[in-house]
Amino acid sequence: MLTVENTQKWLNNFYQKIEEHKDYLSELDTPIGDGDHGNNMMRGMVGVKESMARLQNPDLQALFKAIAMGLISKVGGASGPLYGTAFLEMAKKCTETQAAADLILVGLAGIKKRGGATEGDKTMVDVWSPVAHSSQLTTEVIAAAVAATKDMQAKKGRASYLGERSIGHLDPGAVSSGYLFTALIETEGIL
Amino acid sequence: MLTVENTQKWLNNFYQKIEEHKDYLSELDTPIGDGDHGNNMMRGMVGVKESMARLQNPDLQALFKAIAMGLISKVGGASGPLYGTAFLEMAKKCTETQAAADLILVGLAGIKKRGGATEGDKTMVDVWSPVAHSSQLTTEVIAAAVAATKDMQAKKGRASYLGERSIGHLDPGAVSSGYLFTALIETEGIL
Amino acid sequence: MKKIINEPQNVVSEMVDGLVRSYPQYLEKIPDTEAMIRSDSASMKGKVGIVSGGGSGHEPSHAGFIGKGMLTAAVAGQVFTSPTPDQIYAAIKAADQGRGVFLVIKNYSGDVMNFDMAKDLAELDDIKVKSIIVNDDIAVEDSLYTQGRRGVAGTVLMHKIVGAAADQGASLAEIETLAEKALPHISTIAVALSAATVPEVGKPGFTLADDEIEYGVGIHSEPGYRREKIKTSQKLVTELLDKLDQNQPLQADHQYAVLVNGMGATPLMEQYIFSHDLLDQLAAKNIKPVFMKVGNYMTSIEMAGISLTLFDLVDSEWLKYLTYPVETVAW
Amino acid sequence: MKKIINEPQNVVSEMVDGLVRSYPQYLEKIPDTEAMIRSDSASMKGKVGIVSGGGSGHEPSHAGFIGKGMLTAAVAGQVFTSPTPDQIYAAIKAADQGRGVFLVIKNYSGDVMNFDMAKDLAELDDIKVKSIIVNDDIAVEDSLYTQGRRGVAGTVLMHKIVGAAADQGASLAEIETLAEKALPHISTIAVALSAATVPEVGKPGFTLADDEIEYGVGIHSEPGYRREKIKTSQKLVTELLDKLDQNQPLQADHQYAVLVNGMGATPLMEQYIFSHDLLDQLAAKNIKPVFMKVGNYMTSIEMAGISLTLFDLVDSEWLKYLTYPVETVAW
Ligand SMILES: Nc1ncnc2c1ncn2[C@@H]1O[C@H](COP(=O)(O)OP(=O)(O)O)[C@@H](O)[C@H]1O
Ligand SMILES: Nc1ncnc2c1ncn2[C@@H]1O[C@H](COP(=O)(O)OP(=O)(O)O)[C@@H](O)[C@H]1O
Ligand SMILES: [Mg+2]
Ligand SMILES: [Mg+2]
Ligand SMILES: [Mg+2]
Ligand SMILES: [Mg+2]
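The model shown is predicted, which means the values in this text are computed figures rather than measured ones.

K.L.:
I tried to follow the overall build of chain C on my own but got confused; where do I start?
P.N.:
In terms of regular secondary structure, chain C is built from eight helices and twelve strands. A compact globule built from 331 residues should have a C-alpha radius of gyration of about 20 Å, and chain C, at 19 Å, falls within 12% of that. Seen through its C-alpha atoms, chain C measures out along the principal axes to roughly 55 × 50 × 40 Å. Considering chain C as a whole, with its 331 residues, one finds that 66% of them fall into the buried category. Taken as a whole, chain C presents about 10600 Å² of accessible surface, with 48% of it coming from carbon and sulfur.

K.L.:
Would you take a moment to explain the layout of surface pockets for this structure?
P.N.:
Any empty space left between atoms is shown by rolling a water-sized probe over those atoms. In this structure, the second largest pocket spans a volume of roughly 1500 Å³. Along the walls of the second largest pocket sit 42 residues, with Ser194, Ala265 and Glu302 of chain C together with Ser194 and Glu302 of chain D positioned nearest its centre. Broken down by class, the residue content of the lining of the second largest pocket amounts to 20 nonpolar, ten polar and twelve charged.

K.L.:
Looking at this model, I keep getting lost on the site of ligand 1. Mind explaining?
P.N.:
All names here are of chain A. Around ligand 1, the structure places 21 residues, and the nearest of them are Asp34, Asn40, Ala78, Ser79 and Asp171. Contact distances for ligand 1 include 2.8 Å between an oxygen atom and a side-chain N or O atom of Asn40. A distance of 2.9 Å separates an oxygen atom of ligand 1 from a polar backbone atom of Gly173. Its free accessible area being 560 Å², ligand 1 has 97% of it covered by the protein chains. The cavity where ligand 1 resides is the largest cavity. Listing elements by their share of the shell around ligand 1, those giving two or more residues are α2 (37-53), α4 (79-93) and α8 (172-186). No other element matches α8, which puts three residues into the shell around ligand 1.

K.L.:
Can you help me understand empty space enclosed by the protein in this one?
P.N.:
Summed over the entire model, instances satisfying the criterion amount to eleven cavities of 30 Å³ or more. Estimated volume of the largest cavity: approximately 510 Å³. Lining the largest cavity are 35 residues, with Ala78, Ser79, Gly157 and Arg158 of chain A together with Ser109 of chain C sitting closest to its centre. Looking at the lining of the largest cavity, the elements that each hand over two or more residues are α1 (4-32), α2, α4, α5 (100-115) and α8 of chain A together with α3 (109-124) of chain C. Of all the elements, α3 of chain C adds the most residues to the lining of the largest cavity, at four residues. A class-by-class count of the residues in the lining of the largest cavity yields 13 nonpolar, 14 polar and eight charged.

K.L.:
What should I look at first to understand the site of ligand 2 in this one?
P.N.:
For ligand 2, the set of nearby residues contains 21 residues, the closest of which are Asp34, Asn40, Ala78, Ser79 and Asp171 of chain B. Looking at the residues close to ligand 2, they fall on chains B and D. In the environment of ligand 2, an oxygen atom lies 3.1 Å from a nitrogen or oxygen atom belonging to the side chain of Asp29 of chain B. In this structure, Arg158 of chain B approaches ligand 2 through a side-chain N or O atom, which is 3.3 Å from an oxygen atom.

K.L.:
Would you explain the coordination of the magnesium ion (ligand 5) in this entry?
P.N.:
When a metal carries six donors in an octahedron, the ideal angles between them are 90 or 180 degrees, while four donors in a tetrahedron ideally lie at 109.5 degrees. Residue and element names in this part refer to chain A. Distances from the magnesium ion (ligand 5) to its protein donors, Asp34 (OD) and Asp36 (OD), fall at 2.1 to 2.2 Å. In this structure the magnesium ion (ligand 3) is found 3.6 Å away from the magnesium ion (ligand 5), and Asp34 serves as a bridging donor for the pair. By the burial criterion, Asp34 is buried, and Asp36 matches it.

K.L.:
Just checking my understanding: could you explain the interface of chain D and chain C for this structure?
P.N.:
Where interface size is quoted, it is often the accessible area lost as the parts come together. Facing 53 residues of chain D, the contacting portion of chain C comprises 53 residues. Here chain D packs against chain C, burying approximately 4600 Å² in sum over the two surfaces, 64% of which is carbon and sulfur. It is Lys2, Ile4 and Met269 of chain D that lose the most area in chain D upon contact with chain C, and together they represent 20% of the buried surface on that side. Seen at the junction of chain D and chain C, the total is two salt bridges. Residues Asp280 of chain D and Arg21 of chain C are paired through a salt bridge, measuring 2.9 Å at the closest nitrogen-oxygen approach. Secondary structure elements with two or more residues in the side of chain D that touches chain C: α1 (11-22), α6 (233-247), α7 (268-284) and β11 (291-295) of chain D. The element contributing the most residues to the side of chain D that touches chain C is α7 of chain D, with eleven residues.

K.L.:
I tried to follow the coordination of the magnesium ion (ligand 3) on my own but got confused; where do I start?
P.N.:
Protein ligation of the magnesium ion (ligand 3) involves Asp29 of chain A (OD), Asp34 of chain A (OD) and Asp36 of chain A (OD), the donor distances falling in the range 2.1 to 2.2 Å. All donors of the magnesium ion (ligand 3) come from a single chain, and their spacing in sequence reads D-x4-D-x1-D.

K.L.:
Would you take a moment to explain the pairing of strand β2 (residues 35-38) of chain C for this structure?
P.N.:
Along a regular strand, successive side chains alternate from one face of the sheet to the other. Residues and elements named next belong to chain C. Summarising the sheet, strand β1 (residues 27-29) and β2 pair through three bridges and their orientation is antiparallel. Along β2, the bridge assignment pairs Leu27 with Arg38. Between β1 and β2, which pair antiparallel and follow one another directly, the connecting turn spans five residues, one of which, Asp32, has a positive phi of 60°. Sheet topology places β2 next to strand β4 (residues 73-79); three bridges connect them, and they run antiparallel. The residue bridging Met36 from the neighbouring strand is Ala74, located in β4.

K.L.:
Is there a simple way to think about the environment of Met70 of chain C in this case?
P.N.:
Residues and elements named next belong to chain C. When you line up the elements, Met70 lands in the loop between β3 (49-56) and β4. Along the backbone, Met70 and Ser43 are 27 residues apart, and their C-alpha atoms lie at a distance of 10 Å. Not counting chain neighbours up to four residues away, the residues in contact with Met70 comprise Arg38, Ile50, Phe65, Val156, His159, Lys160, Gly163, Val326, Thr328 and Trp331.

K.L.:
Please explain the UniProt feature "domain: DhaL" (unreviewed entry) in chain A as it appears in this structure.
P.N.:
Per the UniProt record, "domain: DhaL" (unreviewed entry) is found at residues 5-186 of chain A. Secondary structure over residues 5-186 of chain A splits into 68% helix and 0% strand, and the C-alpha atoms at its two ends are 14 Å apart.

K.L.:
Would you mind going over the interface of chain B and chain D with me for this structure?
P.N.:
Taken together, the contact between chain B and chain D spans 27 residues of the former and 28 residues of the latter. Each partner contributes to the roughly 2100 Å² buried at the junction of chain B and chain D, and carbon and sulfur atoms together form 58% of this total. By the criterion of area lost to chain D, the three top residues of chain B are Arg114, Arg158 and Tyr161 of chain B, representing 32% of everything that side buries. Linking chain B with chain D are two salt bridges. Measuring nitrogen to oxygen at the nearest pair gives 3.4 Å for the salt bridge that ties Glu222 of chain D to Arg158 of chain B. Secondary structure elements with two or more residues in the side of chain B that touches chain D: α2 (37-53), α3 (60-74), α4 (79-93) and α5 (100-115) of chain B. It is α4 of chain B that contributes the most residues to the side of chain B that touches chain D, four residues altogether. Split by residue class, the side of chain B that touches chain D holds nine nonpolar, nine polar and nine charged.

Basis of the calculations
- Residues numbered from 1 in each chain as written.
- Chains lettered and ligands numbered in written order.
- Predicted model: local features only at pLDDT ≥ 70, side-chain atom pairs only at ≥ 80, totals over all residues.
- Heavy atoms only, no water.
- Helix = DSSP H or I, 4+ residues; strand = E, 2+ residues; numbered from the N terminus.
- Rg over C-alpha atoms; globule rule 2.2 N^0.38 Å.
- Buried < 20%, exposed > 50% of the residue type's maximum accessible area, 1.4 Å probe, protein only.
- Areas by Shrake-Rupley, 256 points an atom, 1.4 Å probe, with all protein chains shown as cover.
- 1 Å grid on protein atoms, 1.4 Å probe; cavity = no way out; pocket = protein on both sides within 12 Å on 5 of 7 lines; lining within 4 Å.
- Points joined across faces, edges and corners; volume = space filled by probe spheres on them.
- Nonpolar A, V, L, I, M, F, W, Y, C, P; charged D, E, K, R; others polar.
- Near = heavy atom within 4 Å.
- Polar contact = N/O pair within 3.5 Å; in protein donor to acceptor, adjacent residues only side chain to side chain.
- Sits in = over half its atoms within 2 Å of the grid points.
- Donors = N, O, S within 2.8 Å, 3.2 Å for Na, K, Ca; no water.
- Contact = heavy atoms within 4.5 Å.
- Buried area = accessible area lost by both parts, 1.4 Å probe.
- Salt bridge = Lys/Arg side-chain N within 4 Å of Asp/Glu carboxyl O.
- Pairing = 2+ DSSP bridges.
- UniProt positions renumbered as here; feature names shortened; annotations may be inferred.

Here it is, written out as structure tokens:
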């Protein structure tokens, strides 16, 4: 069950993971992208932190909206609107249900609608989808989903220009999404 | 005594020396100039050859004028107008006297007027002047004049921008002028 | 990395400031953004607004084309990164004069999604917004299995024609029709001699040996279709022209506009020599361009290379738009 | 050497051909020369002709400034080598419309002597010829013991003002007076990050380490006054501005025109950042330029670096000449 408190903790934890793995994410984005995914996500999470800090006694919807706007207004790359849309959809839905599984599902729908990607296109969808559809979210589920992107051929995003040459590399957005859900598992009281 | 025949031979000999030492002249021009003296002189001598080839039974004046125009219309660098003016002055004077010493003297005057340089400025003047004023033109006179430019500080031309740093290098225009007069000595019947 | 900059993370804001302060007669900043708009507001009155933008690093694109007869506003993202929706939205709002706003977007997923979100925001404000997604780079196959072709230097020609139409009072719908009709006739292909270095990254996007070139490279150092030893200008022209011809057969009786675009570090000397060979080889196909531009228009920071854009002017109005007078920094 | 060229010895003729064929609306070749003249001959009628030129490798200088309101003709020499008198003479002859011709010459011994000889030839034809020898580069001391200061980017501003005056019907004597009055107020200083490679030479004119810059380098790779480690844009601006200030103290109550000139390979991104810092530091001295240009105007093939020109507009007419409209490839 998501609350204002544990959602803040979750995002703070995600912030730390991004900070720690910033260079790694950009490195992953170098052979099959433009080498900026770590920088993009870092800029976005600084935005999220600032935008959460500006809130005064927010409700959950206001919090999700602030997270979404932080990402949307700071990232710029493809990942910005995608993560941003996911959290915007959660903001819309969270007055109805606060169950993590439900909110991840609407987040996934938002990403798919915004980016037009589907499962197997070697994008963050390939982590969001198994996570959203797992009966029990574990680190193994996440790790397997992330690892599976390695052998896929990209059909969306910058990596798709490489055709078959995109095979053999992890998708950077899948890896950062993996951090997001690992941070969620690690945050007490959400699952 | 200069005649149409031996002047042609002289310039053909000069052409060969330039062709042979083209790279060396450009190298000399690198530390204290812009590295093109060999290319400039080669272009000029190709011009001289073409312009001599177009002549039909020329008199000495027409020949000198053709040599001058070949240099003037092909070199472009500082050396073009200087050598060109020297031969133009010879063309003017040669109806009066055909003595090599007299003609070199008017050539020198032309170079000094055109470029404003005087003895000791580390230019071709420092070879033309000792040659013009020597009672007996020998390869020793030429070699000494060329070598003397090494210790001079340039006061005219591109090398002058270097100030004291121009000391310690031979002047490229002095070296090419050395070839001109060596070619003259080597041509039978002129001196 | 040897660059005339201060802190790498400040390059975009300092560059935008430098540009607007150097050319106040053409453009000014929209407060609290990295978006810029015409300073001659009279020239915008009653006209459809034309808004472009994208990642920085392509200077003079896009802001260099702001001015009467061309762009109304442009948004500068981080280097090689799309601007964010809030910034684009600010530009749309400032550019709207009641007749709507037309967006020129290059086909990268980040750009498309960020501009889309901005469009949504603007529509909430009852601003009419239409757009074109430029995808002129034929190096990448257009297929269901990719993001589609990339948008590159041809975008500048798109700016020019829609800008001219807007200045002459065209409606939003007319501009949309014009852009859609023209788009399939604009094709570009590039050759790179070296890569760009994003200041925050600090090293080149790829490396080529001292005698190597790569065909088909994108404007963000995206990989091309072939690497080989450097060739003469004549042979490079042949390769690029063949590729364009395979994509859309060149027609002797058609009128072409040509853009020879330097990628940043390639001197005009080389661009003019390339143009000379290009005009020879087009002449051999009985083609004499009716309009031509040579210079740095859509660059990739300090990448060395040239891109070649052909615009098949199947509608004779388009030539008038291309030659229509403008007041900009860079056209 | 990695360049988009064919045979190195043909670069000038191919480049000239490429330029005139790309922009026939502005310029055309004078037959059998590498000199170019306006194609709009009506714009020359009854006006004093303005002829410039010099070695090639400085594109868009000089031919890019041919056109109504600016140059009448320009002559392209071999790379970094003065054009020859016969070529200059042909340009003078073609530019003369009976009111005489004004020559803009950069202060290099080769240029001065070749233009001088051309002047002699023209005067034999009863063409009135006057000239100015531009020597704006303050890096080299002006002294009796050197060839004097070099002519660099400030030459483009000279082209602009004499071109505007000629277009407005000024006489040859008036143009000469204008040029002589303006000359001492134009000062330039440069910083280089890398050197140019002359195609026929095949290697750079000098080499700088990966983190080294050189102040005061000329436009033909002539040595500057100091080498040191690369600094921030802010510090480079401070160094160049100090040097200009030492040469001619900057005056808060004076009106300045500014030219920030890219040397060839330096992207506009860096030029705009430099301009931003420049305007800050000028503002700190209470100086706000009344006219500014930023871009590649007087390049040195693919040299990386920037030159900074200040033009102290002591006569208020000069600003009008600078903003006077022109029709050229590159202004
Ligand atoms: N259309 C899309 N749908 C879903 N995810 C996408 C799409 N396009 C890109 N992505 C994700 O975004 C990631 C790249 O993000 P980032 O590097 O920040 O943006 P950019 O590609 O604009 O530089 C990819 O690894 C992929 O996971
Ligand atoms: N003002 C001058 N008077 C006499 N000789 C000069 C003068 N300026 C240059 N020179 C000569 O010209 C030579 C350089 O010629 P060159 O390299 O062909 O021309 P540029 O300097 O234009 O590249 C110098 O070595 C010097 O001998
Ligand atoms: Mg990326
Ligand atoms: Mg030289
Ligand atoms: Mg990116
Ligand atoms: Mg030279």
